[in-house]
Each structure stands twice: as structure tokens, then as C-alpha cells.
Amino acid sequence: MQTSFPPFPVHRPRRLRAREAIRRLVSENSLSASDLIWPVFVHENEGMPIPVSSMPGVSRLSIGQVVDAAQQAAELGIPAIALFPSVDSSLKTSGCEEAWNPENLANRAARAVRLAVPAIEVMLDVALDPYNSDGHDGLLRNGEILNDETLDCLERQALCHAEAGATILGPSDMMDGRIARIRSALEDHGHDGVVILSYASKFASAFYGPFRDAVGSMGTLKGNKSTYQIDPGNSDEAVRMAMRDIQEGADAVMVKPGMPYLDICRRISDLGAAPTFAYQVSGEYAMIRHAADKGCLDLESVVLESLLAFKRAGCVGILSYFAPFAAGLLNRG
Ligand code: PBG
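Residues numbered from 1 in each chain as written. Predicted model: local features only at pLDDT ≥ 70, side-chain atom pairs only at ≥ 80, totals over all residues. Heavy atoms only, no water.

Peer 1: How would you sum up the site of the ligand? Please name residues and give values.
Peer 2: Taken together, 16 residues sit near the ligand, with R212, K225, K256, S282 and Y321 positioned nearest. One of the side-chain nitrogen or oxygen atoms of Q229 is found 3.1 Å away from an oxygen atom of the ligand. In the environment of the ligand, an oxygen atom lies 2.6 Å from a nitrogen or oxygen atom belonging to the side chain of Y321. Compared with its free state, where it exposes 400 Å², the ligand has 100% of that area covered by protein. Looking at side-chain class alone, the shell around the ligand contains six nonpolar, three polar and seven charged residues. (Near = heavy atom within 4 Å. Polar contact = N/O pair within 3.5 Å; in protein donor to acceptor, adjacent residues only side chain to side chain. Areas by Shrake-Rupley, 256 points an atom, 1.4 Å probe, with all protein chains shown as cover. Nonpolar A, V, L, I, M, F, W, Y, C, P; charged D, E, K, R; others polar.)

Rendered as C-alpha cells:
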């Protein structure tokens, strides 16, 4: 980048900011509905949607309501929906067997959406936490997360999600070696077209609090996830995790959380090795929504600015609970 400019007044930067049209002409990044993935919570309850108390404006939906949401997303031009099951606690075990039940909630929801709205991509997480009575993403024994035993479970879960029609799998468990295992299982079982969007650079973050509330893993989680998720102070390690997952067969990688980790987004997208996504997580949503509800921030402007920041940081797409709201604003122009 050129670092010396002619001095003022020859160089007068506001010439390029003076009118709306000239600003549009020199703008470097833009946001559209096509950049968004909408995370949606699904539960068995067929009644009215049940609000997530820590996330105003977000509710848990029945499968039928999720199909409507997918239809709405498609109409808004949102290319993908990510489904997160809130599983009844009676189905959670320490062996997590429900994770690979072909008829589990996530699979039934994915099948219903694929059937009704074939134009939209359906993403499912691969991780054991929705099904784990211990609340962790991997199997827990004697206070330890068992990496290698968990891989067998993740492989089975990934295959049953692919069978159910998930077009994107998002391994969010942070076990070592999972991407290679899942990729080879998919290849061996005729699912070579399934995209792996790896939660590669996932930090042990306190910003996931409202999500754990939404899927009901808050009360069950024993301890924290620091033995498998990344230390929030580590940057090189986050880059290594992305490179590793790409080498193991991930088609795209994700940084999570988003806004506090924009530096990581930039470093990973600069590798040029795979499309980079960010997840604007539940705690980020909650911060913005609560502040706006209190009249401290203008919701529309802050949402669009926060999402555009990910594009500036090099991301091709963003998972955000604001997806339908933002797409509505963007489509309005
Ligand atoms: C769990 C998972 C988490 C999120 C997505 N998948 C939480 C966690 O790791 O505890 C968080 C998403 C959010 O906070 O919005 N595998």
C-alpha cells in the first residue's frame, strides 16, 4: 500500500465522501442477503414459538414453523439456514446415542426443510452437546473429554445428518482429527457432495451463554470447554486450526465468536486457502438487541454495521440471528 500522499490541500480525502453517489463509487465492501446464514432453534413443541428469554426476538420453533422460516429465508434471498435442536432432556445421555438416531429432531427438521424448500442450503452442526447429559461437545469420562472415542460418535452423527439431507455439515465440536474422519466417512458412503463448513477457529468464549440457554445445555454443562476450544488470547493457534481443518478436508472454515475476533477473520481469510465465515454468536446478538431495546443504539444501523465489519475483515459470509432482519433491510435498499 502506498504510504505517502501529497500534502493537504492537494490531498483532500473528503472529496470522495462529499455525495452519496461518489461514496457508493469508492466503497470497498458491501453486504447483501446472499452473505447470510440464519441459525434457527427447533424443538418438539407444536404450540406457539417459545421465546428465548436472553435473546429478545428469537424463539424456538416447531418443525412446521422452521419450514415456514426456511420459506421466508428463501424469499428474502438468504441462501442457508442452520438448524439447532433443543432436545428434550429425557433424550440426553452420557453416551449421546440420540445424536445418530435417524429420526432425531435435527434430522426430521432437515428432511422437512429439504422437501419443502429445496432451494435453500440446510446446515446441521456436528457435535454431541445437544444430546449429552454432561453438556459437552464430546464424551466425558472421569472429568475428561475423550477425543478419540468421540470421533466414532461424530462420524455416525455426520452420516445420519447427511442421510437426512443436510447439504452443509458444521463440525463445531473441536475434537482433534474430526474433519478427516467425517470427510472420509462421507466419501465412503456416497455423500461426496456434502459441504463441510468447519467451526475451525472456535474460542472458549463466554459469548455462547444465551445459546446454551436456548438449547437447554446451560444447566447440564459440567465445567467449561477450555480443554478443547481455543484460548481467547491465542491468534497463531487459531490460524493453525483453520489450516489443519482445510488440510483435513474442510471446504470452508469459520471463526467463532465474530465481533471480538475480527483480527482472526482477517488473518484466516488472508491465507486464501478456503472461504472464511464468521459466527456472530448469541451473546453478540443479545448485546446489540438489549442495548437497542433500551434505546441506547439504533438497531438497524448497528446490525448492518456489525455485519459489514465481517465483510471488511475478509469473510465471505456470516451466521447471524439477525439474518432475516438484516436481509429485510438490505432488500429494501
Ligand atoms: C455447540 C455450539 C455452540 C454454539 C454453536 N454450536 C455453543 C458451545 O460451543 O457451547 C454457539 C452459538 C452461539 O452462541 O450463538 N457445539
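Peer 1: An account of the side chain of H161 is needed here, citing residue identities and associated values.
Peer 2: One can find H161 in helix α4 (residues 147-163). The contacts of H161, once residues within four sequence positions are left out, are A99, N104, A106, N107, L124, D125, Y131, A166 and L169. (Helix = DSSP H or I, 4+ residues; strand = E, 2+ residues; numbered from the N terminus. Contact = heavy atoms within 4.5 Å.)

Peer 1: I'd like a rundown of a nonpolar patch on the surface, residues and numbers included.
Peer 2: A grouping of L16, L25 and V26 is seen on the molecular surface, where their side chains present a nonpolar patch of about 300 Å² in accessible area. Its place among the elements puts L16 in the segment before α1 (20-26). (Patch = residues over 30% accessible without salt bridge, like charges linked within 9 Å, V, L, I, M, F, W, Y side chains within 5 Å. Salt bridge = Lys/Arg side-chain N within 4 Å of Asp/Glu carboxyl O.)

Peer 1: Any details on the pattern of salt bridges? Residues and values, ideally.
Peer 2: Counted by the stated rule, this structure contains 18 salt bridges. Between D251 and R183 there is a salt bridge; the shortest N-O distance is 2.6 Å. With D251 in the loop between α7 (236-248) and β10 (252-256) and R183 in helix α5 (residues 178-188), the pair connects residues that are 68 residues apart, well separated along the chain. The shortest N-O distance in the salt bridge between D245 and R244 comes to 3.2 Å. Across the pair, exposure class does not vary: D245 and R244 are buried alike. Each of D173, D176, R178, R244 and D245 takes part in one network of salt bridges that share partners. (Buried < 20%, exposed > 50% of the residue type's maximum accessible area, 1.4 Å probe, protein only.)

Peer 1: So what's going on with the pairing of strand β1 (residues 36-42)? Residues and values would help.
Peer 2: Across the seven residues of β1, seven count as buried, placing the element largely inside the fold. Along β1, one buried face is formed by L36, W38, V40 and V42 and the opposite face, lined by I37, P39 and F41, is buried too. When β1 meets strand β12 (residues 317-320), the two strands line up parallel, connected through two bridges. Along β12, the bridge assignment pairs I37 with L319. Strand direction decides the pairing type here: β1 and strand β3 (residues 59-61), joined by two bridges, are parallel. For F41, the partnering residue across the bridge sits in β3 and is R60. (Pairing = 2+ DSSP bridges.)

Peer 1: Describe the packing of aromatic side chains, naming the residues involved and giving the relevant values.
Peer 2: Tallied over the entire structure, the rule returns 11 aromatic pairs. Ring centres of F41 and F84 lie 6.3 Å apart, and the angle between their planes is 50°; on these two criteria the pair is classed as tilted. One end of the pair, F41, is in strand β1; the other, F84, is in strand β4 (residues 80-85), with 43 residues separating them in the sequence. With a centroid separation of 5.7 Å and 20° between ring planes, the pair formed by F41 and Y321 is classed as stacked. With F41 in strand β1 and Y321 in the loop between β12 and α11 (323-332), this pair connects stretches of sequence that are 280 residues apart. You can call Y321 buried: its relative accessible area is 6%. Through a chain of ring-to-ring contacts, the aromatic side chains of F41, F84, Y199, F211, Y279, Y285, Y321, F322 and F325 assemble into a single cluster. The side chain of K256 reaches across the aromatic face of Y208, ending 4.5 Å from its centre. (Phe/Tyr/Trp six-rings, centres within 6.5 Å; stacked < 30°, edge-to-face > 60°. Lys NZ or Arg CZ within 6 Å of the ring centre and 35° of its normal.)

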